[in-house]
Amino acid sequence: MAANRFYSVCLLLVSLAFFATLALDIAVPALVLTLMAAIRWALLSADGLAPNDFKMKGQAA
């Protein structure tokens, strides 16, 4: 009976670690992209530059 409980606790901890890591796998890149966009927006607005004032290499859809 004790081995069953030990197995269940181990399985719970492994599952917890897996899904916590999976959530970080999504959250960290989203945070980095958000920060990159916010810095770009802040720099463009601080310099008085607008996307129409200079040519970009590409356009968003």
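The structure contained in this document is the topic of the report that follows.

The rules behind each value
- Residues numbered from 1 in each chain as written.
- Predicted model: local features only at pLDDT ≥ 70, side-chain atom pairs only at ≥ 80, totals over all residues.
- Heavy atoms only, no water.
- Helix = DSSP H or I, 4+ residues; strand = E, 2+ residues; numbered from the N terminus.
- Buried < 20%, exposed > 50% of the residue type's maximum accessible area, 1.4 Å probe, protein only.
- Patch = residues over 30% accessible without salt bridge, like charges linked within 9 Å, V, L, I, M, F, W, Y side chains within 5 Å.
- Areas by Shrake-Rupley, 256 points an atom, 1.4 Å probe, with all protein chains shown as cover.
- Salt bridge = Lys/Arg side-chain N within 4 Å of Asp/Glu carboxyl O.
- Phe/Tyr/Trp six-rings, centres within 6.5 Å; stacked < 30°, edge-to-face > 60°.

On to the overall build of the protein chain. Helix and strand counts for the protein chain come out as one helix and zero strands. Within the protein chain, buried positions represent 2% of all 61 residues.

A cluster of nonpolar side chains, namely Leu24, Val28, Val32, Leu33 and Met36, defines an oily patch on the protein surface of about 490 Å² accessible area. Here Leu33 lies in helix α1 (residues 2-46).

This part is about the packing of aromatic side chains. Per the stated rule, a full pass over the model turns up one aromatic pair. Ring centres of Phe18 and Phe19 lie 5.0 Å apart, and the angle between their planes is 75 degrees; this geometry places the pair in the edge-to-face category. Each member of the pair, Phe18 together with Phe19, is exposed.

All quantities given are derived from atomic positions and should not be read as evidence of function.
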